[in-house]
Amino acid sequence: MSESVPVYDNHIHMSPSGRNVEALKEYQAAGGTGLTLVTLPYPEVRIREGADFEGSYQITYGLAQRAREETDLEINIAVGPYPILLISLAEAYGLERAEEMMIEGMEDAARDVAEGRAVALGEIGRPHFPVSEEIWDASNRVLLRGMELAREVDCPVIIHCESEADTDRSLAELADRAGLDRGRVVKHSSPPWVTPEETHGVMPSIPASKTNTREAIGKGTDRFMIETDYIDDPSKPGAIMSVNTVPKRVRAWLANGEVSVESIHRICGDIPNSLYRR
């Protein structure tokens with residue numbers, strides 16, 4: 001693969017119990033040049049109060065530092081309270097207290113962005129499966145606060161949520177309420193929705209399968225990013241996709257001419273650079 005072609009995976013996790021930096025070495029060896037490293041709700045950190053989220057963020061920063069020392073990858077970090085945690089926190093502490101804890105975790109993440117430790121809030125959002133109206137409403141309030149904080153600290157948000165026909169419109173409307181540019185709302189694990197009519201201005205980050213990327217490119221636009229959502233779980237070594245998937249996909253694009261070099265630079269270079277470089 002040409003060294004001049006960027007290869008960027010917009011959603012990778014590292015885990016203290018996983019392969020972590022070894023996986024990223026493999027990614028680089030396959031041709032990867034950069035990635036968005038997204039924090040996880042690590043089992044090593046128990047959330048009893050909002051301030052505890054910072055413990056997860058610190059694990060992510062430590063893993064990123066080691067990866068930066070041992071690879072040449074560009075690593076952009078996203079931190080934030082994982083949205084599904086609202087459910088278990090509500091069961092343990094009540095919904096009102098759980099919402100307060102999630103917002104405190106969001107505020108600490110935004111502070112870290114402002115101080116230069118991270119460049120995005122993520123993954124934040126709402127459950128991707130049916131929940132009660134109370135949980136849904138609370139999730140949207142937490143998400144709205146995250147978007148407001150993103151506007152204040154001038155960063156993007158990476159969204160974990162459902163993928164329904166009206167999802168991007170809903171996210172766009174929340175961004176409008178928060179005063180956040182719609183283009184700074186990144187829909188993680190997005191279907192191949194890439195046209196203006198489909199995205200409503202939201203930025204899609206599409207799983208890098210052949211089917212998804214072919215459908216997206218077939219719509220005549222290169223306004224999207226690609227991702228694996230590699231979860232670094234030793235019990236599921238290739239989940240959600242192999243860490244080598246994005247380099248493999250870009251290599252195939254170069255070989256078969258399905259995607260122009262100019263579009264590869266946009267998908268893997270210009271778009272992530274415009275979002276994450278501070």
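Residues numbered from 1 in each chain as written. Predicted model: local features only at pLDDT ≥ 70, side-chain atom pairs only at ≥ 80, totals over all residues. Heavy atoms only, no water.

**Student:** Is there a simple way to think about the side chain of Thr-60 in this case?
**Tutor:** Assignment of secondary structure puts Thr-60 in helix α2 (residues 53-70). Given the relative accessible area of 1%, Thr-60 is considered buried. A polar atom in the side chain of Thr-60 sits 2.6 Å from the side chain of Thr-39. (Helix = DSSP H or I, 4+ residues; strand = E, 2+ residues; numbered from the N terminus. Buried < 20%, exposed > 50% of the residue type's maximum accessible area, 1.4 Å probe, protein only. Polar contact = N/O pair within 3.5 Å; in protein donor to acceptor, adjacent residues only side chain to side chain.)

**Student:** Just checking my understanding: could you explain the sheet that holds strand β5 (residues 157-160) for this structure?
**Tutor:** Whether parallel or antiparallel, the strands of a sheet pair through hydrogen bonds between backbone atoms. Read across the sheet, eight strands follow the order β1-β2-β3-β4-β5-β6-β7-β8 without closing on themselves; strand pairing throughout is parallel. If you trace the sheet from one side to the other, it starts and ends with β1 (8-12) and β8 (225-227), each paired once. On average, each strand axis in the sheet is inclined to that of its neighbour by 25 degrees, with strand direction left out of account. When β1 meets strand β2 (residues 34-38), the two strands line up parallel, connected through three bridges. (Pairing = 2+ DSSP bridges. Axes fitted to C-alpha atoms, helices over the stretch in contact; angles between N-to-C directions.)

**Student:** Can you walk me through the pattern of salt bridges in this structure?
**Tutor:** Opposite charge on two side chains allows them to pair when their charged atoms are near. Applying the stated rule across the entire model yields 23 salt bridges. Residues Arg-277 and Glu-74 are paired through a salt bridge, measuring 4.0 Å at the closest nitrogen-oxygen approach. Placement of Arg-277 in the segment after α10 (261-276) and of Glu-74 in strand β3 (residues 74-79) is noted, with a sequence separation of 203 residues between them. Residue classification places Arg-277 among the exposed positions, given a relative accessible area of 56%. (Salt bridge = Lys/Arg side-chain N within 4 Å of Asp/Glu carboxyl O.)

**Student:** How should I be thinking about helix α1 (residues 21-29) in this particular structure?
**Tutor:** At 3.6 residues per turn, the α-helix brings residues three or four places apart onto the same side. All buried positions along α1 are accounted for by Val-21, Ala-23, Leu-24 and Tyr-27. One side of α1 carries all its buried residues, which in axial view fall inside an arc of 150 degrees. On the buried face of α1, the contacting elements are β1, β2, α2, β3 and α9 (245-256). Once α1 ends, the next one or two residues include Gly-31, with phi positive near 120 degrees. (Arc of directions from axis to C-beta. Contact = heavy atoms within 4.5 Å.)

**Student:** Any chance you could explain the pairing of β1 here in plain terms?
**Tutor:** On any regular strand, side chains alternate: one points to one face of the sheet, the next to the other face. Within β1, five of the five residues are buried, which leaves the element mostly enclosed by the surrounding structure. As a crossover connection, the stretch from β1 through α1 into β2 is right-handed. (Right-handed = clockwise from strand over helix to strand, strands pointing away.)

**Student:** What is the right way to look at the packing of helix α3 (residues 85-93) against helix α5 (residues 133-153) in this model?
**Tutor:** Between two packed helices, both the angle of their axes relative to each other and the distance between the axes serve to describe the pair. At a minimum axis distance of 10 Å, the contact between α3 and α5 shows a crossing angle of 120 degrees. Overall, the two elements α3 and α5 adopt an arrangement that is oblique. Every pair of crossing elements has a handedness; the one defined by α3 and α5 is right-handed. Counted together, Leu-86, Ile-87 and Ala-90 of α3 and Ile-135, Ala-138 and Ser-139 of α5 form the full contact between these two elements. Across the contact of α3 with α5, the residue classes break down as five nonpolar, one polar and no charged. (Parallel < 35°, antiparallel > 145°, perpendicular 65-115°, else oblique. Left-handed = near helix turned anticlockwise from the far one by under 90°. Nonpolar A, V, L, I, M, F, W, Y, C, P; charged D, E, K, R; others polar.)

**Student:** Would you explain the nonpolar core in this entry?
**Tutor:** Looking at soluble globular proteins, one finds that nonpolar side chains tend to be buried together. Residues Leu-121 and Met-147 are the most contacted members of the largest nonpolar core, which totals 88 residues. Of the residues forming this core, the biggest block, nine residues, is contributed by α5. The residues contacting Met-147, other than those within four sequence positions of it, are Val-157, Ile-159, Leu-171, Leu-174, Ala-175, Ala-178, Leu-180 and Val-185. (Core = buried A, V, L, I, M, F, W, Y, C linked by side-chain atoms within 4.5 Å.)

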